[in-house]
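Listed below, chain by chain, are the residues.
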Amino acid sequence: MYTKLGHSMPKGLLMHGPSGTGKTLLAKAVATESEANFISVRGPELLSKWVGESERGIREIFRRARQAAPCVVFFDEIDSIAPTRGMGGDSMVTERVVSQLLTELDGIQALSGVVVLAATNRADMIDPALLRPGRFDKIVFVPMPDKPARQRILEIHSKDKPIGPDVDVSRVAELTEGFSGADTSSVANTAVSLVLHEYLAKYPTPEEAAKHASEAHVMMRHFEEGVKKIKTQREGKPGEKVTVPYYR
Ligand SMILES: Nc1ncnc2c1ncn2[C@@H]1O[C@H](COP(=O)(O)OP(=O)(O)OP(=O)(O)O)[C@@H](O)[C@H]1O
Ligand SMILES: [Mg+2]
């Protein structure tokens, strides 16, 4: 279809949006669901203090990608390697990395069968030259989840947990207003950890508690407590006071 209609495949796709909205998760889904090869590059790993090493790293990645075509190259946290040039910073490394990336994307050697995927939560930090059509020409905003999305996230993350009969997931989704996907998913896990603590407190030994594990259920009150806990964490308020043992 693409060749018939004379449409050139997008070379690059940038996902941006607040932290914890599932950008890295989406890339993982691309890796497993698409039948293409997948090369994942984490920004900070690429930077090297040795002159020329970082650019060489980029060249090497694209060389491997061309060989492995069809291939998806994923740059996570791309703001760390491709910040706006001329913004100062401690070295020229990132400037040269951006230039190398531009060279690869513009490609004297055509990037056929290679798609570049990138993610960031700081789209404002990225060199505008990279966002020009022909480079990262598809820009996808990954928003904070709305209520139905949070409900789905809760359902997914409580799938293999013993959920009690009184749990109203739709109500929990309402309570998690303003939560990111990461916050929402950790509500389910926090609820389970509350049940765990209750059981450990109820029985004299952990072995005894383990015997009764099949009776344990995550109830609505655990979810409510979990939401509260995540809320206090998000607001950066210290939770209840914990006394830390004093060591000499
Ligand atoms: N839409 C979603 N569906 C299911 N789980 C989600 C979703 N969004 C986030 N999560 C949960 O939150 C975790 C963190 O998400 P992820 O690491 O993809 O966020 P991110 O957008 O890459 O954040 P950052 O910008 O901070 O890197 C995921 O591993 C997953 O457990
Ligand atoms: Mg991420």
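Heads up: the structure comes first, above all this text.
Everything numeric here is computed off the predicted structure, so don't read it as measured data.

Enquirer: Which residues make up the site of ligand 1, and what values go with them?
Expert: Looking at ligand 1, there are 14 residues lining it, with Ser-19, Gly-20, Lys-23, Thr-24 and Asn-121 nearest. Note that an oxygen atom of ligand 1 is positioned 2.6 Å from one of the side-chain N or O atoms of Thr-24. A distance of 2.9 Å is found between an oxygen atom of ligand 1 and a side-chain nitrogen or oxygen belonging to Asn-121. Taken by itself ligand 1 offers 640 Å² of open surface, and the protein chains cover 72% of this. Among the residues forming the shell around ligand 1, the class breakdown is three nonpolar, nine polar and two charged. Looking at which domains feed residues into the shell around ligand 1, each of domain 1 (12-141) and domain 2 (147-234) supplies at least three.

Enquirer: Hey, could you go over the pattern of salt bridges for me, with residue numbers and the actual values?
Expert: In total, this model carries 14 salt bridges according to the counting rule given. Between Lys-147 and Glu-174 there is a salt bridge, with the nearest N and O atoms lying 3.8 Å from each other. Highlighted residues: Lys-147 in helix 5 (residues 147-157) and Glu-174 in helix 6 (residues 169-175), separated in sequence by 27 residues. Judged by its relative accessible area of 27%, Lys-147 falls in the partly exposed class. On the basis of relative accessible area, Glu-174 is assigned to the partly exposed category, the value being 41%. The partner of Glu-174 in a salt bridge is Arg-171, with the nearest N and O atoms 2.9 Å apart. Here Glu-174 pairs with Arg-171, and both are found in helix 6, just three residues apart, close to one helical turn. For Arg-171, a relative accessible area of 36% corresponds to the partly exposed category. Linked by salt bridges that have partners in common, Lys-147, Arg-171 and Glu-174 make up one network.

Definitions and cut-offs
- Residues numbered from 1 in each chain as written.
- Chains lettered and ligands numbered in written order.
- Predicted model: local features only at pLDDT ≥ 70, side-chain atom pairs only at ≥ 80, totals over all residues.
- Heavy atoms only, no water.
- Near = heavy atom within 4 Å.
- Polar contact = N/O pair within 3.5 Å; in protein donor to acceptor, adjacent residues only side chain to side chain.
- Areas by Shrake-Rupley, 256 points an atom, 1.4 Å probe, with all protein chains shown as cover.
- Nonpolar A, V, L, I, M, F, W, Y, C, P; charged D, E, K, R; others polar.
- Domains from an automatic or database assignment.
- Salt bridge = Lys/Arg side-chain N within 4 Å of Asp/Glu carboxyl O.
- Helix = DSSP H or I, 4+ residues; strand = E, 2+ residues; numbered from the N terminus.
- Buried < 20%, exposed > 50% of the residue type's maximum accessible area, 1.4 Å probe, protein only.

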